[in-house]
Amino acid sequence: MRAMRPHSLLVAVLLTSCASRGAPASAAAPAPAWAPVSPSAWADLQQKLAGRWKATLPGGETITVTYRVISRGSAMLETFVTASGTETITVYHPDGEQLMLTHYCAQGNQSRLKAVEVSPGRAVFRFLDATNVAPAQGVMHALEVTMRGDSFDQRSVYRQPDGGDAADTLHFVREPGAPVTR
């Protein structure tokens, strides 16, 4: 796992400042080259992530994330819950030959990202657009998921209202005894 910010800043970024971690749609950069995703790569990502995972912060608090394959395999639901109980939802789904996600932030905005890379054990998403963004808010601008056996790293980047970026990497391990949902 990469070095993390001090616990209080990390919690602030994760809990209350989805708004401070993003980029309004009006500040969008030119779109990167979107990566095609094969049905087998989508199925592989679903199979590897389905289940309940836990990340432990330096102060001992935990973040849990659950992935469920829904809608007859056409989408995957991520439920992200912080130690304080704040919850965000992200829905991953194919769009033709491409893979997208919509992140429903706890602060009330919604960012959409598209995959620029999908390979066995790795998916990288970049900002497409966002809705419901207040002027002082930021938006998820990038997300990378890298599988490592029975664990994975999730790196999120949020564009700040001032144009700067805030990045965090969390290391998740599958919860012992947690059923793999599919």
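Not measured: the values here are computed from a predicted model. (Residues numbered from 1 in each chain as written. Predicted model: local features only at pLDDT ≥ 70, side-chain atom pairs only at ≥ 80, totals over all residues. Heavy atoms only, no water.)

What follows covers the pairing of strand β7 (residues 122-131). In this structure, strand β6 (residues 110-119) lies alongside β7, joined through 9 bridges in antiparallel fashion. Bridge pairing in β7 places Lys114 opposite Arg126. Taking the residues that link successive antiparallel strands as the turn, the β6-β7 hairpin has 2 residues, and the phi of Gly121 there is positive, at about 80 degrees. Sheet topology places β7 next to strand β8 (residues 139-147); 5 bridges connect them, and they run antiparallel. Looking at the pairing, Ala123 lines up with Val145 of β8. (Pairing = 2+ DSSP bridges. Helix = DSSP H or I, 4+ residues; strand = E, 2+ residues; numbered from the N terminus.)

What follows concerns the packing of aromatic side chains. Taken as a whole, this structure holds 6 aromatic pairs when the rule is applied. When the centroid spacing of 6.3 Å and the interplanar angle of 50 degrees are considered together, the rings of Tyr67 and Tyr92 count as tilted. One end of the pair, Tyr67, is in strand β2 (residues 62-70); the other, Tyr92, is in strand β4 (residues 87-95), with 25 residues separating them in the sequence. The buried category is assigned to Tyr67, whose relative accessible area is 0%. (Phe/Tyr/Trp six-rings, centres within 6.5 Å; stacked < 30°, edge-to-face > 60°. Buried < 20%, exposed > 50% of the residue type's maximum accessible area, 1.4 Å probe, protein only.)

By the element assignment, Ser84 lies in the loop between β3 (75-81) and β4. For the pair Ser84 and Thr62, spaced 22 residues apart in sequence, the C-alpha separation works out to 9.1 Å. Polar contacts involving the side chain of Ser84 include one to the side chain of Thr86, which spans 3.4 Å. (Polar contact = N/O pair within 3.5 Å; in protein donor to acceptor, adjacent residues only side chain to side chain.)

Per-residue pLDDT for the protein averages 83, and the proportion of residues at 70 or more is 80%. Scored below 50 in pLDDT, residues 1-27 shows 85 contacts in the model against residues more than four places distant or in partner chains. (pLDDT = per-residue confidence, 0-100. Contact = heavy atoms within 4.5 Å.)

Within the span of helix α2 (residues 39-49), buried status applies to Ala41, Trp42, Leu45, Gln46 and Leu49. Down the axis of α2, the buried side of the element spans an arc of 135 degrees, and every buried residue falls inside it. Residues of α2 that are exposed and angled more than 90 degrees away from the buried face: Pro39, Ser40 and Gln47. (Arc of directions from axis to C-beta.)

Where charged atoms from two side chains of opposite charge come close, those side chains can pair. Tallied over the full model, the rule gives 9 salt bridges. With its nearest N and O atoms 3.2 Å apart, the salt bridge here joins Lys48 to Asp44. Here the residue Lys48 and the residue Asp44 both occupy positions in helix α2, the gap between them amounting to 4 residues, near one helical turn. Among the residues examined, Asp44 registers a relative accessible area of 22% and is labelled partly exposed. With its nearest N and O atoms 2.8 Å apart, the salt bridge here joins Asp153 to Arg148. Here Asp153 falls in the buried class, since its relative accessible area comes to 11%. Among the residues examined, Arg148 registers a relative accessible area of 48% and is labelled partly exposed. Taken together, the shared-partner salt bridges in this structure form one network comprising Glu117, Arg122, Arg126 and Glu144. (Salt bridge = Lys/Arg side-chain N within 4 Å of Asp/Glu carboxyl O.)

As a further point, take the sheet that holds strand β1 (residues 51-56). Strand order in the closed barrel formed by 10 strands is β1-β2-β3-β4-β5-β6-β7-β8-β9-β10, with antiparallel pairing between adjacent strands. Strand-to-strand twist in this sheet, taken as the mean axis angle between neighbours without regard to direction, amounts to 25 degrees. On the sheet, α2 packs against β1, β2, β3, β4, β5 (98-104), β6, β7, β8, β9 (151-159) and β10 (165-174) and is oriented at approximately 35 degrees with respect to β3. (Axes fitted to C-alpha atoms, helices over the stretch in contact; angles between N-to-C directions.)

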